[in-house]
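Here are the chains, one letter per residue:
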Amino acid sequence: MVTAPRADALVFFGATGDLAYKQIFPALQGLVRRGTLTVPVIGVAKSGWTLDDLRARARDSLASHGGVDEAAFATLSGLLRYIDGDYADPETFTRLRAELGAAEHPMHYLAIPPSLFGTVTQHLAASGCAQGARIVVEKPFGHDLASARALNETIHQVFPESSVYRIDHYLGKEAVQNMLYLRFANRLFEPLLNREHVQGIQITMAEAFGVAGRGHFYEETGAIRDVVQNHMLQVVALLMMEAPSHPGQEAIRDSAAQLLKSVRSLTPQDVVRGQMTDYHAEPGVAPGSTVETYAAARFHVDSWRWAGVPVDVRVGKELPVTCTAVTVTFRAPPLTPFGPAPAANALHLQLTPGVQVTLDVNTKRPGAGLSGEAAQLVLHQQAWDGMAPYERLLGDALAGDATLFAREDEVEEAWRIVDAVLTPTPPLPYAPGTWGPAAADALLGADGPWINPVPDGGGPPPDPATPAAHGSAANPAPRVTQALAGGVGE
Ligand SMILES: NC(=O)C1=CN([C@@H]2O[C@H](COP(=O)(O)OP(=O)(O)OC[C@H]3O[C@@H](n4cnc5c(N)ncnc54)[C@H](OP(=O)(O)O)[C@@H]3O)[C@@H](O)[C@H]2O)C=CC1
Ligand SMILES: O=C1O[C@H](COP(=O)(O)O)[C@@H](O)[C@H](O)[C@H]1O
């Protein structure tokens, strides 16, 4: 729900950077194509570039990330402005104020190194650029609980919480929003999602690639800071939170924050840290680095609804597949008059690639007698995200809708949960292409084994020039049932 006026300028700090190139120009072109980006886009960086250099960079970015839509690109080019200057120099912000002209509600997007968030915020205030403005801040938001609190304080000296939009691009994923919708738009699942019926929950975020040339960044971060503190805990919150009291942004964020408040702080015994054996060969990685590229953790949610249900989360680089999936495994029926059921009921939510929801059920084996076999209902299958996460999030921020942005209390709770396991201890080695250190199995004990996701679907978005593809090849008709996939539960 929108609570702020529409932004009338987008100031893009970090327009010459890597994130801009890989994600943001494609998102901006998408917004232009939808007609939701019509305001000036002012890039600010210190590369010594001209506006034409920025336009050339934008075209190059689009050519290698999704394609140039000439009509949309022409409009985007016309909206682009560029200010070349250092963020430490007040003059940069004086020029920005002049470029903003009559804009009353600029949106300042900080796609810049986190060490500069404070500097830029303070210069925005001193130059008058913060007046009536909102700020969109990239991840990571802090390095631990203390630094996140300090950063919140710095930002709040200039921007009230209602004007702060903290990006967690997982919240912009169609599949993550679908998870929330599925829970509360159906009578079917919600009554079952509690300790009476759920045996355990597993979430795996597997990536078949490594640190992808971002060794310097990863050395400062590691898997827990990179994706557990933010993406994984947001998924936990949306999957397990109570129903929001109304559709407004604060109600949804209140429920998510409340759930995070009930997650017990991790201790070293709850976590297994791993490091892929080729990590030290990555440029920017220190010899002897103990940064983890894999982490498995058992979370406990101390709430009336979830007490005693293990929530096991595993993330890692250079695992066998690229897939993020949630599995909710249900308890066995109280009586089994026809003998033990072939498999536990389970709800699988594939969050990436694409969107997929499946349900493992037991059906009668055809023929004589009453024995069963496992089957899988495919409830929903969609091969692409509909809207790329950054397009969705930047569009929402421009419109003044903060629902899909992490609030101060959510971010601080998430840091509180992981704070005691951030100190690097020697990680266990694992070979690229494997599912990580064997010790992660011991973490689950009798609740194991880990469920290795088998990615199904996914793929590039349909060509914008052929919108018919949206409803056909890209979104195949759901299968009704199929035999239980062999990989699930292995
Ligand atoms: N890259 C990625 O895949 C992801 C990045 N992020 C986050 O996005 C943010 C940006 O990351 P990324 O794009 O990789 O970083 P880069 O280092 O590639 O880009 C940094 C940008 O900031 C500008 N900049 C840095 N210092 C100054 C300064 N003193 N004055 C003016 N401009 C300056 C650079 O300008 P210039 O080029 O002119 O020096 C450049 O535009 C970070 O918070 C990162 O954590 C989040 C998710 C993924
Ligand atoms: O934030 C990050 O997310 C990506 C994974 O995002 P996805 O949308 O491709 O699933 C991860 O690779 C990266 O390390 C991390 O910084």
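The structure displayed is predicted, hence computed values, not measured ones. (Residues numbered from 1 in each chain as written. Chains lettered and ligands numbered in written order. Predicted model: local features only at pLDDT ≥ 70, side-chain atom pairs only at ≥ 80, totals over all residues.)

### Some words on the domain arrangement of the chain
Frequently, the measure chosen for interface size is the accessible area removed from exposure when the parts meet. Each assigned domain of the chain is listed with its residue range as follows: domain 1 (9–138) and domain 2 (171–386 + 406–483). Here domain 1 and domain 2 have C-alpha centroids that lie 34 Å from each other. (Domains from an automatic or database assignment.)

### Notes on the site of ligand 2
All residues adjacent to ligand 2 are Glu207, Asp226, Val227 and Thr352. In the shell around ligand 2, the residues fall into one nonpolar, one polar and two charged. (Near = placed C-beta within 6 Å. Nonpolar A, V, L, I, M, F, W, Y, C, P; charged D, E, K, R; others polar.)

### Thoughts on the site of ligand 1
Close to ligand 1 lie 22 residues, the nearest being Gly17, Asp18, Leu19, Ala45 and Ser47. Of the residues in the shell around ligand 1, the class split is twelve nonpolar, four polar and six charged.

### Observations regarding the sheet that holds strand 2 (residues 41–45)
The pairing of strands in a sheet comes from backbone hydrogen bonds and takes either a parallel or an antiparallel form. As summarised here, the arrangement of the six strands in space is 3-2-1-4-5-6, forming an open sheet in which the pairing is parallel. Of all strands in the sheet, those with a lone pairing partner are strand 3 (80–84) and strand 6 (164–166), marking the two edges. On average, each strand axis in the sheet is tilted by 20° relative to the strand beside it, whichever way the strands run. Of the pairings in the sheet, the one linking strand 4 (residues 106–110) to strand 5 (residues 134–137) comprises four bridges and is parallel in character. Bridged to Met107 within strand 5 is Arg134. (Pairing = 2+ DSSP bridges. Helix = DSSP H or I, 4+ residues; strand = E, 2+ residues; numbered from the N terminus. Axes fitted to C-alpha atoms, helices over the stretch in contact; angles between N-to-C directions.)

### Comments concerning the pairing of strand 13 (residues 355–364)
Bridge analysis of strand 12 (residues 346–352) against strand 13 gives five bridges, and the strand direction is antiparallel. Bridge assignment links Leu347 to a residue of strand 13, and that residue is Leu359. Hairpin connection from strand 12 to strand 13: two residues lie between these consecutive antiparallel strands, with Gly354 at a positive phi of about 65°. As paired strands, strand 13 and strand 14 (residues 372–382) are joined by ten bridges and run antiparallel to one another. Opposite Thr358, over in strand 14, you have Val378 as the bridge partner.

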